[in-house]
Amino acid sequence: DKAITRWLGNYLYKRKIRTQFGEEQSNWRTLRGGVPQGAVLSPALFNFYIREVPTIPGAEIIGYADDTTILVQDPILQKAAETSQNALDHMKTWFDERHLDISAGKSSVTIFTADTKEFNFDPGLTWDG
């Protein structure tokens, strides 16, 4: 529908922002991308933008808005680490192609194992290759 497309375009195009600290205000700046944070529609728009997350053999990608989880399962930890690194490399390329940034510092790896010898296993995963 042209009316919805026009409405969404107006909602996203040339949005302006500025910051305020106490009585001081910055100059207005025009945003070039992104969706308004805190808006009810923003998670749905972001999900639509990233709807074609790649399929990666051995990994399941689960996401909502800007949270993404990569699930890998293997009884051999080293193989799970290799599959995880492959998934990260694919996701890095995919995110870069869409001009999306990942906060690697906010990311974590969680290993679930019943073997106490594997509790300190470091998979050595990297985001930048």
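Residues numbered from 1 in each chain as written. Predicted model: local features only at pLDDT ≥ 70, side-chain atom pairs only at ≥ 80, totals over all residues. Heavy atoms only, no water.

Help me understand the overall build of the protein chain, please; the structure alone is not making it clear to me.
In terms of helices and strands, the protein chain carries 3 helices and 6 strands. The C-alpha atoms of the protein chain give 20 Å as radius of gyration, which overshoots the globular expectation for 129 residues (14 Å, by more than 25%). Going through the 129 residues of the protein chain one by one, you find that 19% of them count as buried. Entry remark: accessible area of the protein chain is about 10,600 Å², with carbon and sulfur atoms responsible for 53%. Between the averaged position of the 14 positive side-chain charges in the protein chain and that of its 17 negative side-chain charges there is a distance of 14 Å. (Helix = DSSP H or I, 4+ residues; strand = E, 2+ residues; numbered from the N terminus. Rg over C-alpha atoms; globule rule 2.2 N^0.38 Å. Buried < 20%, exposed > 50% of the residue type's maximum accessible area, 1.4 Å probe, protein only. Areas by Shrake-Rupley, 256 points an atom, 1.4 Å probe, with all protein chains shown as cover. Lys, Arg positive; Asp, Glu negative; His and termini not counted. Charge placed at Lys NZ, Arg CZ, Asp CG, Glu CD.)

When you look at the environment of Glu 82 in this model, what are you seeing that I'm missing?
Mapped onto the elements of the fold, Glu 82 is located in helix α3 (residues 77–97). Along the sequence, Glu 82 and Thr 113 sit 31 residues apart, while their C-alpha atoms lie 17 Å from each other.

Is there a simple way to explain unusual backbone geometry in this structure?
A negative phi angle is the norm for most residues apart from glycine, just as the trans form is the norm for most peptide bonds. Look at Lys 14: it is not a glycine, yet its phi comes out positive at around 55°. Take Lys 14: it is sitting in the loop between α1 (2–12) and β1 (16–17). The phi torsion at His 99 lies on the positive side, around 60°, for a residue other than glycine. On the secondary structure map, His 99 appears in the segment after α3. In this structure His 99 comes out as exposed when scored by relative accessible area, which is 71%.

Sorry, what's going on with the pairing of strand β5 (residues 59–64) here?
Consecutive side chains along a regular strand alternate between the two faces of the sheet. Bridging between β5 and strand β6 (residues 67–72) involves 6 bridges; their strand directions are antiparallel. Looking at β6, one finds that Glu 60 is bridged to Leu 71. Hairpin geometry of β5 and β6 is characterised by an intervening segment of 2 residues between the two adjacent antiparallel strands and by a positive phi of about 50° at Ala 65. (Pairing = 2+ DSSP bridges.)

Looking at this structure, how should I read α1?
Given 3.6 residues per helical turn, the α-helix brings residues three or four places apart onto the same face. The opening residue of α1, the one whose side-chain oxygen lies 2.7 Å from the backbone nitrogen of Ala 3, is Asp 1. Positive phi shows up at Lys 14, right after α1, with a value of about 55°. (Polar contact = N/O pair within 3.5 Å; in protein donor to acceptor, adjacent residues only side chain to side chain.)

Mind showing me how you'd approach the confidence of the model for the protein chain here?
In low-pLDDT segments, the atomic positions of the prediction should not be examined closely. Confidence along the protein chain averages 86 in pLDDT terms, with 99% of residues attaining 70 or more. Highest mean pLDDT in the protein chain belongs to strand β3 (residues 24–25) (95); lowest belongs to helix α2 (residues 42–49) (83). (pLDDT = per-residue confidence, 0-100.)

Just checking my understanding: could you explain α3 for this structure?
Here α3 is 21 residues long and its end C-alpha atoms lie 30 Å apart, about the 30 Å a rise of 1.5 Å per residue gives. By the burial criterion, the buried members of α3 are Leu 77, Ala 80, Ala 81, Thr 83, Ser 84, Gln 85, Ala 87, Leu 88, Met 91, Lys 92, Trp 94 and Phe 95. Looking one or two residues beyond α3, the residue adopting positive phi is His 99, at roughly 60°. (Expected span 1.5 Å × (residues − 1).)

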